[in-house]
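Spelled out, the chains give:
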Amino acid sequence: MLKDNVNDLLSFMVVARERSFTRAAAQLGVSQSALSHAMRNLETRLDVRLLTRTTRSVAPTAAGEQLFQRLSPHLLEIEQELATLRDMRDTPAGNIRLNAGEHAMSSVLWPVLKPFMAQYPDIHIEVTVDNGLTDIVDGRFDAGVRLGEQVAKDMIAVRIAPDMRMAVVGSADYFSRYGVPESPEQLASHCCINMRLPTLGGLYAWEFEKDGRELRVRVEGQLTLNNLPQRIDAAVAGLGLAYVPEDTVLDAIADGQLVRVLESWCPPFDGYHLYYPSRRQHTTAFALLVDALRHP
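Attention here is on the structure that accompanies the text.

Here is what the cut-offs are and how they apply
- Residues numbered from 1 in each chain as written.
- Predicted model: local features only at pLDDT ≥ 70, side-chain atom pairs only at ≥ 80, totals over all residues.
- Heavy atoms only, no water.
- Helix = DSSP H or I, 4+ residues; strand = E, 2+ residues; numbered from the N terminus.
- Contact = heavy atoms within 4.5 Å.
- Areas by Shrake-Rupley, 256 points an atom, 1.4 Å probe, with all protein chains shown as cover.
- Lys, Arg positive; Asp, Glu negative; His and termini not counted.
- Charge placed at Lys NZ, Arg CZ, Asp CG, Glu CD.
- Phe/Tyr/Trp six-rings, centres within 6.5 Å; stacked < 30°, edge-to-face > 60°.
- Buried < 20%, exposed > 50% of the residue type's maximum accessible area, 1.4 Å probe, protein only.
- Lys NZ or Arg CZ within 6 Å of the ring centre and 35° of its normal.
- Salt bridge = Lys/Arg side-chain N within 4 Å of Asp/Glu carboxyl O.

The next point concerns the overall build of the protein chain. If you tally the helices and strands in the protein chain, you get nine helices and twelve strands. Expressed as lengths along the three principal axes of its C-alpha atoms, the size of the protein chain is roughly 75 × 50 × 35 Å. Sequence-distant contacts, at least 24 apart, represent 72% of the contacts inside the protein chain between residues at least 6 apart. Accessible surface computed for the protein chain: about 16400 Å², of which carbon and sulfur atoms make up 52%. One finds the centroid of the 30 positive side-chain charges in the protein chain at a distance of 6 Å from the centroid of its 37 negative side-chain charges.

Take a look at the structure:
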């Protein structure tokens, strides 16, 4: 009975966290039907309903949420103790889960992860690429990567990249047809390539600053894309103006595929930081990754 309860409780924790039998089953390496059956057996033994199921979703009941909140700290302690045991090995080992945006992944994380993983083959890393402001504690990530200004004050933040700048770019053909904006306000009369924010669902307002004056401009256009390479490609194709990290378009500007405008309105700002909860005890594997990111 104890073994069944422990196994099913661990499975319940994954289902409650993921809010999905599909994702939970994939993580646990079992079929969805087997997982659903185990949850029903657990509810029968405890004589309480833990999950509310519909055809499209699953969520904890009030009793299930209470159980999840009470068990979470204990499971975290167990995971930390097991990680400590793994650290006693001669070869660094362990699992690290990270969350980062698309640009941070390609420009900062991936160039470091490739040699890091070759150097430490027993360290397993999972990266979820997500442009939303994900709660890494709720998502059970070990750390995340965000711009310095976006990191919550209760987190430990480690700078892993220099300051950044944004760039407004378009093709020479576009500017020959529609003219060059002389100020951010003039973007209102231009065709711009929008990006929708995954967290709030609204369109991203382009941010500018000059001589202490800050502007947030909501632009309009024919095209909305969340993928960074496609936004750049669309600008090269003359479909509109794009607002993207400067480093992603320097080559295209140099070879004449793109022309930059409003440069004086795009000052540097705080670059990417690795951040993680201050209360969490980290493993040797995690410490090695932090050091690698700080000194690429």
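Attention shifts here to the packing of aromatic side chains. In this structure the tally under the stated criterion is seven aromatic pairs. The interplanar angle of 50° and the centroid separation of 4.9 Å between the aromatic rings of Phe116 and Tyr120 together place this pair among those described as tilted. Here Phe116 falls in the buried class, since its relative accessible area comes to 3%. With 5.2 Å between their ring centres and 85° between their planes, Tyr276 and Phe286 make a pair best called edge-to-face. Residue Tyr276 is found in strand β12 (residues 272–277), and its partner Phe286 is found in helix α9 (residues 284–294); the two are separated by ten residues along the sequence. Of the two residues, Tyr276 and Phe286, both sit in the buried class. A cation over an aromatic ring shows up here: Arg97 above the ring of Phe141, its NZ or CZ 4.3 Å from the ring centre.

Glancing now at the pattern of salt bridges. Should their charged atoms come close, side chains of opposite charge can pair. Applying the stated criterion to the full structure yields 15 salt bridges. The residue Asp270 makes a salt bridge to Arg159 at a minimum N-O spacing of 2.3 Å. Of this pair, Asp270 sits in the loop between β11 (259–261) and β12 while Arg159 sits in strand β6 (residues 155–159), placing them 111 residues apart in sequence. The partner of Glu246 in a salt bridge is Arg260, with the nearest N and O atoms 2.7 Å apart. On the criterion of sequence distance, the pair formed by Glu246 in the loop between β10 (242–245) and α8 (250–254) and Arg260 in strand β11 is long-range, its members being 14 residues apart. For the residue pair Glu246 and Arg260, the accessibility class agrees, reading buried in each case. Residues joined by salt bridges that share partners form a network here, namely Arg165, Glu246, Arg260 and Glu263.

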